Amino acid sequence: MAMHALTGFSLVSLLSFGYLSWNWAKPSLVADAPAEASEQPSAAPSQPPHIIFILTDDQGYHDVGYHGSDIETPTLDRLAAEGVKLENYYIQPICTPSRSQLLTGRYQIHTGLQHSIIRPRQPNCLPLDQVTLPQKLQELGYSTHMVGKWHLGFYRKECLPTRRGFDTFLGSLTGNVDYYTYDNCDGPGVCGFDLHEGESVAWGLSGQYSTLLYAQRVSHILASQSPRRPLFLYVAFQAVHTPLQSPREYLYRYRTMGNVARRKYAAMVTCMDEAVRNITWALKRYGFYNNSVIIFSSDNGGQTFSGGSNWPLRGRKGTYWEGGVRGLGFVHSPLLKRKRRTSRALVHITDWYPTLVGLAGGTASAADGLDGYDVWPAISEGRASPRTEILHNIDPLYNHARHGSLEGGFGIWNTAVQAAIRVGEWKLLTGDPGYGDWIPPQTLAAFPGSWWNLERMASARQAVWLFNISADPYEREDLAGQRPDVVRALLARLVDYNRTAIPVRYPAENPRAHPDFNGGAWGPWASEEEEEEEEEGRARSFSRGRRKKKCKICKLRSFFRKLNTRLMSHRI
């Protein structure tokens, strides 16, 4: 342990840079910051608060100034310092799962989205029978608006943001797009435009950098609404997901950073930080701020091969190590009772649903099928968190670990299955948790192999890991062999959770989703009746020995089904 600590210290010392001070007087590149914001009227504090939820994409745990990063984030640093930093906050390792749990308050095993993400050509979306957070807030009198990345399915119109509780929507439906052209390719030759306003394709907005466009849209929403009516604003930035693109003004600040990917990534983070600055200015200018709750959260760990860093945590995006599931998060609000502090209360992304519904004057609990808890007293007043455990996930479709078995799980759990759970201070992982190295910030042009090898994790012939996360947050000391009693107890909890799981929904891709069939843009392609006909057709085809289809579209569908079987379970 001492050697690991010394190694981590030396790497941080060699690789970290002190970030430069920010010139707050400099005009914003995102939007015009109002000079007289404090003179604007504010809403009466007796009404439900305005809720602003800001979600960033692929921002690493290390990639914020207050975590010692070399990236400039003065706005996030200031908002977090004046609010409550959440330093025991958990999210999911990839995009769709985090977003689905935020908007439903349910674990993946209770939405059927246990496996991977929703691909653009899959006939899949957030379950239509579950009441979403914005729908619940609409019932409580809120106006609801979404700006940014959806990534919760769109194959039917009923799946779109405006059908799932949002009054307005501007953003992309798929997982990643070009920041300027809004094109997205889901394989060679399968490309389309993806920027939508409401339920229409927003062709005319192409050419504007998405982070700037989204910040400007937030200002327009605030300018057009009275603060007398409660507002829910969900800002899901595309930043800082790949492709690595940034306005040149921000790149210039990091011109001395040797690693090109890290340089571009840093510029994108700083641009996003300034967008958040302008959103807070707009809240003050238009009278929303004094009765507002601003929540900032990342959606998953950083992608270390695309400039991100989760140092000193283990792992990266797409893994169940802490680097994949420990989130960046803070709450900033004039309504907090205890401000300017760090909270160690256990919080999970599912908790925002009942917490925000409670702030809005409603009720939501386990009786409604939720897995989240109301954690506002823990955040605002410093009380103990009602949450004592987190099911990170159970994914029966992920590649089974070669060295896992039912015998290895005391006869009650197949340890080949990918699963992760935290109970109290203990965290258990089974199956293949994903890439498990400790990866320091890659700020140098050529990262020395000798340093890299100091933190390499040799391939282990095992399928069970146990860590005391409170004492060992970097997951360096596996205690599975020393504490079989704890391993057995946590495996039993996995069994309990698995009894409540619904079947995984991960359908084959449908060639009808190709943008060429939708005028060159990604968008809905199926109706409810057509979906039922397709299901019936597939059943008939199977019972007749899968007789050969004559139509061209059916041949394409067969091809993509086979391709999906071979490849899709390996893709994120």
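Cut-off values and rules
Residues numbered from 1 in each chain as written. Predicted model: local features only at pLDDT ≥ 70, side-chain atom pairs only at ≥ 80, totals over all residues. Heavy atoms only, no water. 1 Å grid on protein atoms, 1.4 Å probe; cavity = no way out; pocket = protein on both sides within 12 Å on 5 of 7 lines; lining within 4 Å. Points joined across faces, edges and corners; volume = space filled by probe spheres on them. Axes fitted to C-alpha atoms, helices over the stretch in contact; angles between N-to-C directions. Helix = DSSP H or I, 4+ residues; strand = E, 2+ residues; numbered from the N terminus. Parallel < 35°, antiparallel > 145°, perpendicular 65-115°, else oblique. Contact = heavy atoms within 4.5 Å. Phe/Tyr/Trp six-rings, centres within 6.5 Å; stacked < 30°, edge-to-face > 60°. Buried < 20%, exposed > 50% of the residue type's maximum accessible area, 1.4 Å probe, protein only. Lys NZ or Arg CZ within 6 Å of the ring centre and 35° of its normal. Pairing = 2+ DSSP bridges. Disulfide = S-S within 2.5 Å. Salt bridge = Lys/Arg side-chain N within 4 Å of Asp/Glu carboxyl O. Expected span 1.5 Å × (residues − 1).

Caption draft 1: Layout of empty space enclosed by the protein. Tallied over the entire structure, the rule returns 2 cavities of 30 Å³ or more. Lining of the second largest cavity is provided by Ile118, Arg119, Pro120, His151, Leu152, Gly153, Phe154, Leu173 and Thr174.

Caption draft 2: Local environment of the packing of helix H5 (residues 210-224) against helix H7 (residues 260-285). Their axes nearest at 9 Å, the elements H5 and H7 cross at an angle of 5 degrees. The angle between H5 and H7 falls in the class roughly parallel. Every residue of H7 that contacts H5 at Thr211, Leu212, Ala215, Val218, Ser219 and Leu222 is listed here: Cys271, Met272, Ala275, Asn278, Ile279, Ala282 and Leu283.

Caption draft 3: Up close: the packing of aromatic side chains. Tallying each qualifying case throughout the model produces 16 aromatic pairs. Taking the centre distance of 4.6 Å and the plane angle of 15 degrees together, the rings of Phe193 and Trp203 count as stacked. Taken as a pair, Phe193 in strand E7 (residues 191-193) and Trp203 in the loop between strand E9 (200-201) and H5 lie far apart in primary sequence, 10 residues in all. According to the relative accessible area criterion, Phe193 is buried, its value standing at 4%. Trp203 gets classed as partly exposed once you look at its relative accessible area, which sits at 46%. An aromatic cluster of three or more residues is present, and its members are Phe53, Tyr89, Phe166, Phe232, Tyr234 and Trp352. One residue, Arg314, lies across the ring of Trp321, its end atom 3.8 Å from the ring centre.

Caption draft 4: The arrangement of the sheet that holds strand E16 (residues 418-423) in detail. Strand order across the open sheet formed by 4 strands is E15-E16-E17-E18, with antiparallel pairing between neighbours. Single-partner strands in this sheet number two, and they are strand E15 (389-395) and strand E18 (464-468). Direction aside, the axes of adjacent strands within the sheet are offset by 10 degrees on average. Here 5 bridges tie strand E17 (residues 426-430) to E18, and the two strands are oriented antiparallel to one another. From the neighbouring strand, Lys427 faces E18, where its bridge partner is Phe467. Running over the sheet, helix H12 (residues 484-499) touches E15, E16, E17 and E18 and is turned about 70 degrees from E17.

Caption draft 5: A look at the pairing of strand E11 (residues 292-298). Burial analysis of E11 places 7 of its 7 residues in the buried class, the great majority of the element. Side chains of E11 alternate between two faces, with Ser292, Ile294, Phe296 and Ser298 and Val293, Ile295 and Ser297 buried alike. Sheet topology places E11 next to strand E12 (residues 329-332); 4 bridges connect them, and they run antiparallel. Bridging from a neighbouring strand, Ser297 pairs with Gly329 of E12.

Caption draft 6: Inspection of the state of the cysteines at higher detail. Evaluated as defined, the whole model comprises 2 disulfides. Here Cys125 pairs with Cys159 through a disulfide, and the sulfurs are 2.2 Å apart. A torsion of -55 degrees about the S-S bond marks the disulfide between Cys125 and Cys159 as left-handed. Here Cys125, found in the loop between helix H3 (95-104) and helix H4 (133-139), pairs with Cys159, found in the loop between strand E4 (143-149) and strand E5 (168-172); they are 34 residues apart in sequence, far enough to count as distant. Put simply, Cys185 and Cys191 are joined by a disulfide, and their sulfur atoms are 1.9 Å apart. Judged by the sign of its S-S torsion, about 110 degrees, the bond between Cys185 and Cys191 is right-handed. Classification of Cys191 by relative accessible area gives partly exposed; the value is 31%.

Caption draft 7: Local environment of the pattern of salt bridges. For the structure shown, the criterion picks out 24 salt bridges. A salt bridge links Lys337 to Glu381; its shortest N-O distance comes to 3.6 Å. Pair noted here: Lys337 is in the loop between E12 and strand E13 (341-343) and Glu381 is in helix H10 (residues 376-381), with a separation of 44 residues, a long-range link. For Glu381, a relative accessible area of 24% puts it in the partly exposed group. Among the charged side chains, a network of salt bridges with common partners joins Asp57, Arg99, Lys149 and Asp299.

Caption draft 8: Layout of H5. Between the first and last C-alpha of H5 there are 21 Å, a value that for 15 residues agrees with the 21 Å anticipated at 1.5 Å per step. Looking only at H5, the buried set comprises Ser210, Thr211, Leu212, Leu213, Tyr214, Ala215, Val218, Ser219, Ile221 and Leu222. The secondary structure elements touched by the buried residues of H5 are E4, E5, strand E10 (231-236) and H7.

Caption draft 9: Quick look at the sheet that holds strand E1 (residues 50-56). Taken in spatial order, the 10 strands make up an open sheet running E9-E8-E5-E4-E10-E1-E11-E12-E2-E13, and their pairing is mixed. Two strands bound the open sheet, and with one partner strand each, they are E9 and E13. When E4 meets E5, the two strands line up parallel, connected through 5 bridges. The residue of E5 that forms the bridge with Met146 is Phe169. H3 rests against E1, E4 and E10 of the sheet, and its axis sits at about 175 degrees to E10.

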